[in-house]
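Descriptive structure summary
Here is how the chains run, residue by residue.
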There are 2 protein chains.
Amino acid sequence: VSEQRITEWLTARAGRLPRGFRVGIGDDCAVYAPPPGQELVFTTDMLVEDIHFTRATSTLSEAGLRCLTRGVSDIAAMGATPVFALLSLATPRSMTEAQVLSFLSGVLRGGVPLVGGDLSTAPVITADITVCGATPRGRAGLRSTAKAGDHIYVSGPLGASALGLRTKRGAAWQRHKNPRARTDLALRLRQHATAAMDLSDGLALDLSRLCLASRVGAELQALPIFPGASESDALFGGEDYELLFTTRRPMQRAGLHWIGRMVNDCRSRIWWQGEELPAKGWDHRSGT
Amino acid sequence: VSEQRITEWLTARAGRLPRGFRVGIGDDCAVYAPPPGQELVFTTDMLVEDIHFTRATSTLSEAGLRCLTRGVSDIAAMGATPVFALLSLATPRSMTEAQVLSFLSGVLRGGVPLVGGDLSTAPVITADITVCGATPRGRAGLRSTAKAGDHIYVSGPLGASALGLRTKRGAAWQRHKNPRARTDLALRLRQHATAAMDLSDGLALDLSRLCLASRVGAELQALPIFPGASESDALFGGEDYELLFTTRRPMQRAGLHWIGRMVNDCRSRIWWQGEELPAKGWDHRSGT
C-alpha cells in the first residue's frame, strides 16, 4: 500500500474544494477562509472493525459510507449543512491497496468534500471522520434548549438498526448497514425545533441526554416502532440515526412522529407507561 | 470505563472555550463562530500503539501529549496558532478508566482546548487528533510556494528522534518520546518564509514533497546533525518535528540552520554531495 498513490487517488476524487478553501489534501493542513456570517459546527466519529461493522457482513465500501454518515448525522442534528471532512484511516497490513481504496470510495460516496486526512496501520480497520458543517450564525440547534411543555418528535419509526443487527436480513438489515443522515429534513425543521439531536445510541439514552442538557424531564406517550422490531429495539437499540427534536407548538408533517412532551423534572427522568425509563442504550465502547 | 464519567472529567478540564465558541464538549457538535478576517487551517493525525509508541517505553501521558504534538506541529508548519482540537480515542477493553484518563491528561498538557471527541474500543490504543489553527487571512504558509534560488533552512539539528528510537537513552530518547512543536518560531518566521512544512518523515522525504509541490529541485549543501546521530538519521529519520522552510533572502538567526538552495528542476530532484538523494523516509504505515 503506497501512501503516495492513495493520496493521489484521493486528490483526484475528493470533490471540488468548497468555497473559501485555498488548499485541500496535499499540504500540512487544509486552508479555509470561512464565508462571513456563518457558524461552523464540528464533530468527530470513530468507526472500528468488529465494533461498528464486520467484514463478514459489510462491504468495505459500505463501511466507508457508514463512517461518513455517522459524522454527517451529527451535523444534521445541529440543523447544519456538511461543508468538508477529514479522514484518518488505519488499516491492517494484510489489506491490499484495492481494499483501502474500496473503503475510501465508500466515504466519498457520501458526497462531502474530503480536504485532508492521515493513513496508518492498525490490527483492525480504524477510521475516524471529522466533519465540519455550517449554519447561519447563531442558528445551530442544541440539545440544551428544550423547555417543559415542548412537544417531542422523532423523524421515523425506531428499532430498525437493532432489528437488522439481530436478524441480518430484509429492510432492517439494509438500514443497519447503510444508515442515512437526515440532513434535508433537519434543515427544514431548523426554524421550528427548540432542541435537537440525532439518535445514535437509542431513544432512552439519547432522550435522557437531551433532558439532562435541558434540565427537564420527558413523558413518552407514543413509540413508533419499525415493522418487526420490538419495543426494546425501539427504546434501547442504537444507530437508527433518526432525528430527535422538540417544538414549542405541535407539528403535523408527513414522516414526523409525535412521541410525547417535555415536563418539569429537576432529575431529568423519562416516563413511559407509568414507569421510569432507564437511561441505557447502545454503548460505543462495547459495541452492544 | 464509563463514557459518561470520562466526558464529565474532560469537560471539567478541557480548557476555557476559545473566543467564538458557543458550545464545546457535550452536544452533537461543537459550535464556533470564527472571528472575521481569519483563515482556519485543519489537520488530522493518528497515533497508533506499537506503530508510533509502545507502552513499554512511553507513559500513557507521554503518548497523549505526543498525539497532540503531531497535530500542533502541522499547524505550526502553516505559521498558524492552534485554536482548538477534537480527539477520538479507541482503547483496549483491558485498559482501566485511570489509564484512559492518563492518556487524556497528556493530550490536555499540550494546552490546546479540546472541544469534542469520540470514545471507542480497539485492540490497541488508537488516537486521532484533529487540530484547527488560525492565521490572518491569506497568510497561511504553504509547501507549494518555494522558488528556484530560495534559501533552505531547518529549525534545529536533525536525527535526534531516529537516534533516540535506536538507542533508547539520553537526550535523543527524550526528544523522541516528547517532541515539541515549533509554534513560537513558526509565528516569528511567517513573514519571511516563502514555503514551509514540518519534518515528520525525515528531511529527504519531506524536502522532496516540498520540491514536488513547488515544482523545483533542491541542492543540499549542509546538514546539521544532532550530536551522536548519523547522517542517515538526519536525512531519513522521522519525527524530528523541526520546521523546514525557504526564504528569498538569507537569514541569520540563532537556532536556524541554512542547508542549501532551491534550484530549477522539473523533476524535483534533491542533490547531496553530488548525488541524487532518494525520496525515502519514515513510513507511518509501517512505523519504520
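Along every chain, residues carry numbers that run from 1 in the direction the sequence is written. Written order decides the labels, with chains lettered from A and ligands numbered from 1. In view of the model being predicted, local features appear only for residues whose pLDDT reaches at least 70, and side-chain atom pairs are presented and counted only at 80 or more, with totals across whole chains, interfaces and linings using the full set of residues. Just so you know, side-chain values use all the structure's heavy atoms and leave hydrogens and water out.

1. Notes on the overall build of chain A
- Across its full length, chain A holds eight helices and 13 strands.
- The size measure is the radius of gyration over C-alpha atoms, and the globule rule it meets is 2.2 Å times the number of residues to the 0.38 power. Relative to the globule expectation of 19 Å for 288 residues, the C-alpha radius of gyration of chain A, 20 Å, shows essentially globular dimensions.
- In terms of overall dimensions, chain A has a C-alpha envelope of 60 × 45 × 30 Å along the principal axes.
- Residue contacts are defined here by distance: any two heavy atoms, one from each residue, within 4.5 Å place the two residues in contact. In chain A, the proportion of contacts linking residues at least 24 apart, taken out of those at least 6 apart, comes to 86%.
- Here, Shrake-Rupley sampling with a 1.4 Å probe gives the accessible areas, and only protein chains in the shown set may cover a residue. Within the structure as shown, chain A displays about 10,900 Å² of accessible surface, and the carbon and sulfur contribution to it stands at 50%.
- Counting 33 positive and 28 negative side-chain charges, chain A places the centres of these two groups 6 Å from one another. Secondary structure follows DSSP: runs of H or I at least 4 residues long count as helices, runs of E at least 2 residues long count as strands, and numbering of each begins at the N terminus. Residues scored as charged are limited to Lys and Arg (positive) and Asp and Glu (negative), so that His and the chain ends carry no count. Note that the charge is assigned to NZ on lysines, CZ on arginines, CG on aspartates and CD on glutamates.

2. Looking at the confidence of the model for chain A
- The quantity called pLDDT is the predictor's confidence in a given residue, expressed from 0 to 100. Summarising the model, chain A shows a mean pLDDT of 94, and 98% of its residues fall at 70 or more.
- Scored as a whole, the predicted complex attains pTM 0.95, and scored at its interfaces, ipTM 0.94.

3. Notes on unusual backbone geometry
- Positive phi is not limited to glycine here, since S268 of chain A has a value of about 55 degrees.
- Residue placement: S268 of chain A occurs in the loop between β11 (257-263) and β12 (270-272).

4. A few points about empty space enclosed by the protein
- We place a 1 Å grid over just the protein atoms. Points where a 1.4 Å probe fits but has no way out form a cavity, open points with protein on both sides within 12 Å along at least 5 of 7 lines form a pocket, and any residue with an atom within 4 Å of a point lines it. Grid points are joined across faces, edges and corners, and a volume is the space filled by probe spheres set on the points. Within this structure, the stated rule accounts for two cavities of 30 Å³ or more.
- Considering the residues around the largest cavity, the lining is formed by A160, S161, R175, N178, P179, R180, E239 and D240 of chain A.
- Each residue is assigned to one of three groups, with Ala, Val, Leu, Ile, Met, Phe, Trp, Tyr, Cys and Pro labelled nonpolar, Asp, Glu, Lys and Arg labelled charged, and all others, Gly among them, labelled polar. Among the residues forming the lining of the largest cavity, the class breakdown is two nonpolar, two polar and four charged.
- Empty space within the second largest cavity amounts to approximately 40 Å³.
- Lining the second largest cavity are A160, S161, R175, P179, R180, E239 and D240 of chain B.
- Class assignment for the residues of the lining of the second largest cavity results in two nonpolar, one polar and four charged.

5. Things to note about the interface of chain A and chain B
- Facing the 64 residues of chain A at the interface are 64 residues of chain B.
- In this description, buried area is defined as the sum, over both parts, of the accessible area (probe of 1.4 Å) that is lost when the two are combined. Where chain A abuts chain B, roughly 5,300 Å² becomes buried across the two surfaces, and 53% of that area is made up of carbon and sulfur atoms.
- Only one rule defines a salt bridge in this text: a Lys or Arg side-chain nitrogen within 4 Å of an Asp or Glu carboxyl oxygen. Where chain A touches chain B, the interface holds eight salt bridges.
- For the salt bridge of E39 of chain B with R22 of chain A, the shortest nitrogen-to-oxygen distance reads 2.8 Å.
- Elements with a minimum of two residues in the side of chain A that touches chain B: β1 (21-23), β2 (30-32), β3 (38-48), α2 (60-77), β4 (81-91), β5 (114-121), β6 (126-136) and β8 (193-198) of chain A.
- Considering each element in turn, the side of chain A that touches chain B owes the most residues, 10 residues, to β3 of chain A.
- For the side of chain A that touches chain B, the per-class residue count stands at 31 nonpolar, 16 polar and 17 charged.
- If DSSP finds at least two bridges between two strands, the strands pair. Of the strand pairs in this sheet, β2 of chain A and strand β3 (residues 38-48) of chain B are connected by three bridges, and their pairing is antiparallel. Pairing of V31 of chain A across the sheet is with V41 of chain B, part of β3 of chain B.

6. What to know about the relation of the copies chain A and chain B
- Each copy is superposed on the other by least squares, with the fit set by C-alpha atoms of residues at a pLDDT of at least 70 in both. Screw-axis analysis of chain A against chain B gives a translation of 0.0 Å along the axis, an RMSD of 0.0 Å, and a rotation angle of 180 degrees. This pairing of chains is accounted for by a two-fold axis.
- Most of the interface of chain A is mirrored in chain B, where 100% of its interface residues again form contacts.

7. Brief notes about the pairing of strand β7 (residues 151-154) of chain B
Residues and elements named next belong to chain B.
- Residue exposure (1.4 Å probe, protein chains only): buried if accessible area is under 20% of the type maximum, exposed if over 50%, otherwise partly exposed. Where burial is concerned, the two faces of β7 agree: the one with H151 and Y153 and the one with I152 and V154 are both buried.
- Sheet topology places β7 next to strand β10 (residues 243-247); four bridges connect them, and they run antiparallel. Residue pairing across strands places H151 opposite T247, the latter belonging to β10.
- Bridging between β7 and strand β11 (residues 257-263) involves four bridges; their strand directions are antiparallel. In the sheet register, I152 faces β11, and the bridge partner there is G260.

8. With respect to the sheet that holds β1 of chain A
- With mixed pairing, the six strands of this open sheet are ordered in space as β1(A)-β2(A)-β3(B)-β6(B)-β4(B)-β5(B). Edge strands, defined here as strands with exactly one partner in the open sheet, are β1 of chain A together with β5 (114-121) of chain B. Sheet twist, expressed as the mean angle between neighbouring strand axes with direction ignored, is 20 degrees.
- Here helix α3 (residues 97-109) of chain B sits on the sheet in contact with β3, β4 (81-91), β5 and β6 (126-136) of chain B, set at roughly 165 degrees to β4 of chain B. Here the axes come from fitting lines to C-alpha atoms, over the contacting stretch only for helices, and the angles between their N-to-C directions go from 0 to 180 degrees.

9. Observations concerning the pattern of salt bridges
- Taken as a whole and judged by the stated rule, the model has 36 salt bridges over all chains.
- The partner of D265 of chain A in a salt bridge is R269 of chain A, with the nearest N and O atoms 2.9 Å apart.
- Given a relative accessible area of 8%, D265 of chain A falls into the buried group.
- Where salt bridges share partners, they join D45, R66, R70 and E239 of chain A together with D118 of chain B into one cluster.

10. Some details on the packing of aromatic side chains
- Ring geometry is summarised as follows: Phe, Tyr and Trp rings, the Trp one being its six-membered ring, pair when their centres sit within 6.5 Å, and such pairs are stacked at plane angles under 30 degrees, edge-to-face over 60 and tilted between the two. Following the criterion strictly, the structure yields 11 aromatic pairs over all chains and no others.
- Ring geometry for F42 of chain A against F42 of chain B: centres 5.7 Å apart, planes inclined by 40 degrees, an arrangement best described as tilted. Taken as a pair, F42 of chain A in strand β3 and F42 of chain B in strand β3 lie in two separate chains rather than in one. Summarising the burial analysis for this pair, F42 of chain A and F42 of chain B share the class buried.
- Aromatic pair Y32 of chain B and F84 of chain B: ring centres 5.5 Å apart, planes at 70 degrees, arrangement edge-to-face. Taken together, the positions of Y32 of chain B in strand β2 (residues 30-32) and F84 of chain B in strand β4 put the pair 52 residues apart, joining distant regions of the chain. Across the pair, exposure class does not vary: Y32 of chain B and F84 of chain B are buried alike.

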